[in-house]
2 protein chains.
Amino acid sequence: MAPKRVAVVDMGSNTGRLVVFRLLGDGGWYLEDEIREVVRLRAGMTADGMARQAVQRGIAVLRLFRRFCENVGVDTVIATATSAVRDAANGPDFLRRAREASGWELRVLSSEEEARLGVLGVLGEVPLETGIVLDIGGGSAQVSRVRDGRWFDGVSLPLGALRLTELFRMSDTPTADEVGALRSHINEMLDSVEWLGPLGPEEEIAGLGGSIRNLGYMEHAQLGWPLPTLRGFQISAERVDELIEQMLSVSLARRARIPGLNPDRADILPAGSLVLQEVMRRVGATRCHTSVNGLREGLLLGHLHGDTPPKGDELRALSVDILAWRYGLHRDHAERVRHLATRLFDDLAGRHGLDASYRKLLEAAAILHDVGGVLGYHDHHRHSQYLITLNGLPGYTARETALVALLTRYHRKGTPTPGGYRRLLGGADLPALRWMSAFLRMAEYLERGRRGTVTNVEVTDWGSRGMEILLSTDGDASVEEWDAERRAVPLLESVSGARVRMSVLQSGA
Amino acid sequence: MAPKRVAVVDMGSNTGRLVVFRLLGDGGWYLEDEIREVVRLRAGMTADGMARQAVQRGIAVLRLFRRFCENVGVDTVIATATSAVRDAANGPDFLRRAREASGWELRVLSSEEEARLGVLGVLGEVPLETGIVLDIGGGSAQVSRVRDGRWFDGVSLPLGALRLTELFRMSDTPTADEVGALRSHINEMLDSVEWLGPLGPEEEIAGLGGSIRNLGYMEHAQLGWPLPTLRGFQISAERVDELIEQMLSVSLARRARIPGLNPDRADILPAGSLVLQEVMRRVGATRCHTSVNGLREGLLLGHLHGDTPPKGDELRALSVDILAWRYGLHRDHAERVRHLATRLFDDLAGRHGLDASYRKLLEAAAILHDVGGVLGYHDHHRHSQYLITLNGLPGYTARETALVALLTRYHRKGTPTPGGYRRLLGGADLPALRWMSAFLRMAEYLERGRRGTVTNVEVTDWGSRGMEILLSTDGDASVEEWDAERRAVPLLESVSGARVRMSVLQSGA
């Protein structure tokens with residue numbers, strides 16, 4: 001069966017983008033390829049519309065995108081254009097020429113559609129049920145309300161980073177008065193949104209767009225971040241304040257050299273950051289989720305799921321499945337490991353006292369424990385950790401992602417420790433990591449032959465006299481028993497402080 | 001089409017191993033899965049043969065291996081046994097029971113077959129045309145002669161690390177006399193091999209077996225090694241001397257804590273290392289190739305190719321193809337990038353003066369430049385570098401592997417520098433890296449649409465007035481030209497110190 005691919009084309013004012021998503025079973029997907037081309041459709045735009053050269057650039061890029069899609073083998077193309085084409089007097093002419101050059105009928109998105117689709121993308125990644133999504137673009141900023149994990153309503157404000165920078169031509173090193181004037185303007189605009197008040201106890205805020213993403217990079221470059229993915233990252237209000245202070249206290253030239261700051265954004269990033277800061281202050285947010293997903297992912301999700309893409313537990317399950325489909329080898333083995341590991345978790349609940357949220361992380365890790373095998377068999381447990389943290393797990397927090405990755409790391413070999421992830425974890429997570437690593441390792445070695453020879457486990461807990469693990473088997477499980485004894489029981493004994501005995505309860509076949 | 005897999009089973013005296021190789025097209029393969037189980041077939045062996053418990057362990061492990069193969073889906077099983085089964089009086093009985101338990105007819109290898117197959121494995125990895133292969137096992141050591149990249153002849157000597165350790169019971173911290181006596185014994189044995197004299201100018205030595213591999217780990221742990229793979233590693237005679245000195249100057253307990261030394265080998269590693277040292281001294285070798293491949297890879301290669309597996313350029317081409325088949329997406333794009341990059345290399349030979357061996361590395365990098373895409377699109381150039389150095393390239397030296405990996409790293413973004421690989425490279429490699437990165441990057445951006453729109457390039461070199469790159473195109477290549485101009489020409493200008501102009505020579509379609 002040929003792989004299925006969906007391409008999303010997005011002809012923006014400054015940049016044309018082609019993103020190719022590979023589709024997996026049952027709603028799964030990942031980004032497989034991407035081209036960004038600077039098109040500058042707004043450069044030289046007049047009342048007559050886009051300039052001739054701008055149109056030529058746009059059309060040449062669409063022709064390139066078309067060739068790229070042909071070579072890669074794309075089944076569906078979602079081709080869109082946003083503000084420049086929407087606003088230009090010669091937009092219809094551009095659309096006709098685009099059709100001739102590429103065969104694609106570009107869909108021109110309204111600003112509300114753009115905001116809704118951006119939120120759709122965010123909610124396909126950030127675990128946000130209720131609250132605010134702030135999308136800071138170049139020309140405008142969209143503030144959207146989310147309820148029950150869905151877009152509810154929103155407004156578009158003229159608070160884009162580029163627009164504000166051009167409107168308030170600040171000094172090379174901005175003065176306090178200049179910054180104050182910009183702040184007042186931002187707050188005036190925000191005042192017009194009557195529902196934009198303090199977040200309720202369950203409410204959170206998420207942000208997307210280049211400005212917010214760049215604050216994330218600065219944070220990572222300056223203070224480090226233990227995961228290779230930005231998924232799950234949240235920036236604190238305190239750090240937003242510090243980063244703004246850092247940017248505004250220096251000249252443009254020095255600002256461009258601040259670690260993590262993209263020099264191309266050195267001029268406009270202060271304005272964009274101030275919008276974020278004022279919105280966070282107004283809603284009283286101490287932290288803001290940052291989203292890797294945006295408009296293009298929203299377009300894909302809308303195509304696949306309409307207005308109701310997976311969220312919550314469904315999204316989390318899908319994230320695990322995506323990595324398993326993409327990299328995994330033996331799903332049946334992984335499912336048996338999940339079964340055995342959760343049996344141990346349940347039967348020893350009295351000893352470890354971990355709640356159901358941990359059990360779900362154990363299940364995710366059981367499904368993913370072998371995904372690193374795609375990189376090479378040797379050290380595949382370390383590769384699993386790497387692949388999970390490289391891709392991230394949409395719907396999971398950074399803490400949860402780190403725990404799942406650590407569990408896969410320790411499904412064989414070594415003493416479970418959080419290593420560089422310690423700052424992401426809470427105090428209760430450390431014993432949880434040890435307990436669940438022991439369960440996963442027991443399950444892995446009891447599934448040594450990968451054939452379901454150990455069909456079930458049942459623990460009898462004799463309290464201070466230790467515990468007995470009774471195995472149900474289908475055929476000769478002597479090696480499984482022996483391997484679990486040598487390679488997994490020592491960890492379980494060390495974690496529980498109790499003696500562990502294994503015996504075969506009943507043997508089929 | 002279902003994936004093809006070959007399993008190799010090797011029931012050794014101490015360990016039973018199952019290795020599953022995945023077959024790719026045209027002789028390609030990689031190790032997909034592995035199980036090692038301690039079976040201790042020799043434990044308690046008498047004149048009547050293997051002990052009852054040892055036989056039971058062996059049979060249980062074979063049953064496990066059988067289940068594993070069934071689940072994984074293996075097409076061919078090459079099941080072998082070595083010295084314990086070969087020597088035991090009840091070997092035939094073991095073979096009968098093995099057949100009943102697993103359905104496999106174990107092939108019992110003679111010591112000469114074992115040596116030949118080990119060499120076959122080594123020659124599938126180490127670029128050795130003529131010289132010596134030394135295989136130091138537990139009971140014996142095989143010294144083989146290689147001519148024209150093939151096994152020529154060899155001897156088996158009673159110089160295994162375990163056997164020597166038991167024969168010469170040295171003190172906890174060995175005395176000089178004890179070490180001298182062991183050395184004399186080794187040399188007496190080596191004297192019996194009349195052809196074992198100084199290596200000729202073209203001759204080299206390669207080693208395999210646990211002792212040699214562990215010396216490699218010690219070297220890496222103590223002095224670092226820039227590549228994640230051990231493939232391509234050579235240990236110097238000087239370092240062998242130093243490591244032996246380090247081991248012999250301390251007690252067994254302290255020896256077990258030497259960085260990189262496997263504590264399980266602390267007792268036997270000195271003896272095994274002395275054998276390597278004396279052989280290297282006798283043949284006057286300043287360095288010894290270490291091999292990751294061994295008997296099991298030799299069994300696979302014998303199965304696939306008989307006595308004549310790929311070597312030299314054929315092996316090198318296969319190594320590249322294996323990574324491309326395993327991880328690559330768009331071979332046709334890669335081939336076009338290879339074509340364009342080598343055209344630039346050839347037309348600018350007068351400027352860079354690089355020889356044909358560099359051109360071959362450029363070709364390999366062109367085929368592999370996108371393999372990192374399997375990990376994720378973002379930073380795929382870095383992922384390509386990682387995957388190449390993680391797996392290694394059989395048939396290539398560490399230096400060549402590092403250069404190919406660096407070229408893929410710099411096929412987009414950044415200024416080519418050797419980074420941590422500097423110690424692997426020669427002085428001429430640094431300008432070569434910059435030149436070839438520029439060619440590869442030009443080729444990549446001229447293939448932006450991945451559709452062969454730029455069909456050819458031709459360089460006219462105007463000397464001090466710069467150079468002109470003439471493009472032949474099939475269709476509109478304006479974006480390719482524009483991207484190459486912005487994203488690749490600056491590097492080429494910086495490397496060449498010359499102005500670079502591009503123009504379209506002729507346009508088809």
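Read on for a plain summary of the structure. (Residues numbered from 1 in each chain as written. Chains lettered and ligands numbered in written order. Predicted model: local features only at pLDDT ≥ 70, side-chain atom pairs only at ≥ 80, totals over all residues.)

Topic: the overall build of chain A
The line we're drawing: Numbering of helices and strands runs from the N terminus; a helix is a DSSP stretch of H or I covering at least four residues, while a strand is a stretch of E covering at least two. Residues are called buried when their C-beta atom has 20 or more other C-beta atoms within 10 Å, exposed when it has 12 or fewer, and partly exposed otherwise; all C-beta atoms are positioned from the backbone. What counts as a contact is two residues whose backbone-derived C-beta atoms lie within 7 Å of each other.
A count of helices and strands for chain A gives 20 helices and 14 strands. With respect to the principal axes defined by its C-alpha atoms, chain A has extents near 85 × 55 × 40 Å. By the burial criterion, 50% of the 509 residues in chain A qualify as buried. Put simply, of all contacts in chain A between residues at least 6 apart along the chain, 70% involve residues at least 24 apart.

What about the relation of the copies chain A and chain B?
The following threshold applies: A least-squares superposition brings the copies together, and it is based on the C-alpha atoms of residues with pLDDT no lower than 70 in both.
With an axial shift of 0.1 Å and an RMSD of 0.1 Å, the rotation relating chain A to chain B amounts to 180°. Each copy turns onto its partner about a two-fold axis. A shared binding surface is used by both copies, with 100% of the interface residues of chain A retained as interface residues in chain B.

Some remarks on the packing of helix 7 (residues 210-223) of chain A against helix 10 (residues 269-283) of chain A
Packed helices, taken two at a time, are described by their axes: the angle between them and the distance between them. All names here are of chain A. Convention followed: Angular values range over 0 to 180 degrees, each being the angle between N-to-C directions of two axes fitted as lines to C-alpha atoms, with helices fitted over their stretch in contact. When an angle is under 35 degrees it counts as roughly parallel; over 145 it counts as roughly antiparallel; between 65 and 115 it counts as roughly perpendicular; any other value is oblique. Only Asp, Glu, Lys and Arg are considered charged in this grouping, and only Ala, Val, Leu, Ile, Met, Phe, Trp, Tyr, Cys and Pro are considered nonpolar; every other residue, Gly among them, is considered polar.
For the pair helix 7 and helix 10, interaxial distance at closest approach is 9 Å and the crossing angle is 95°. On the basis of the axis angle, helix 7 is roughly perpendicular to helix 10. Touching Ser211, Ile212, Asn214 and Leu215 of helix 7 are Leu269, Gly272, Ser273 and Leu276, all from helix 10. Here the residues of the contact of helix 7 with helix 10 are counted per class, giving 4 nonpolar, 4 polar and no charged.

A look at the pairing of strand 12 (residues 454-461) of chain B
All names here are of chain B. The criterion, for reference: Two strands pair if DSSP finds at least two bridges between them.
Looking at chain direction, strand 12 and strand 13 (residues 467-474) are connected through 7 bridges and run antiparallel. Considered in strand 13, the bridge of Asn456 is made with Ser472. In sequence, strand 12 turns back onto strand 13 through a hairpin of 5 residues, with Gly463 there showing a positive phi of about 65°.

Quick notes on the pairing of strand 4 (residues 76-81) of chain A
Pairing between strand 1 (residues 4-11) of chain A and strand 4 of chain A: 6 bridges, direction parallel. Looking at the pairing, A:Val6 lines up with A:Thr76 of strand 4 of chain A.

Examining the packing of helix 8 (residues 237-248) of chain A against helix 10 of chain A
All names here are of chain A. The test is simple: Less than a right angle of anticlockwise turn of the near helix away from the far helix marks a crossing as left-handed, whereas a clockwise turn marks it as right-handed.
Contact pair helix 8 / helix 10: the axes reach a minimum separation of 10 Å and the direction vectors enclose 150°. Between helix 8 and helix 10, the angle falls in the class roughly antiparallel. As for how helix 8 packs across helix 10, the hand of that crossing is left-handed. Across from Ala237, Val240, Asp241, Leu243, Ile244, Met247 and Leu248 in helix 8, the residues of helix 10 making contact are Leu269, Pro270, Ser273, Leu274, Leu276, Gln277 and Met280.

Considering the nonpolar core
Going by this rule: By definition, a nonpolar core groups buried Ala, Val, Leu, Ile, Met, Phe, Trp, Tyr and Cys residues that connect through C-beta atoms lying within 7 Å of each other.
Residues A:Leu362 and A:Phe439 are the most contacted members of the largest nonpolar core, which totals 150 residues. Excluding residues within four positions of it along the chain, A:Leu362 makes contact with A:Ala341, A:Thr342, A:Phe345, A:Leu407, A:Met436, A:Phe439 and A:Leu440.

Considerations on the sheet that holds strand 1 (residues 4-11) of chain B
All names here are of chain B. Across the sheet, 5 strands lie side by side as 3-2-1-4-5; this open sheet has mixed pairing. Strands at the two margins of the open sheet, each flanked by one partner only, are strand 3 (29-38) and strand 5 (107-108). Relative to strand 2 (residues 15-23), strand 1 runs antiparallel, the two sharing 8 bridges. Note on strand 2: the bridge partner recorded for Lys4 is Leu23. Here helix 11 (residues 295-305) sits on the sheet and contacts strand 1, strand 2, strand 3 and strand 4 (76-81); the angle it forms with strand 1, its principal contact strand, is near 130°.

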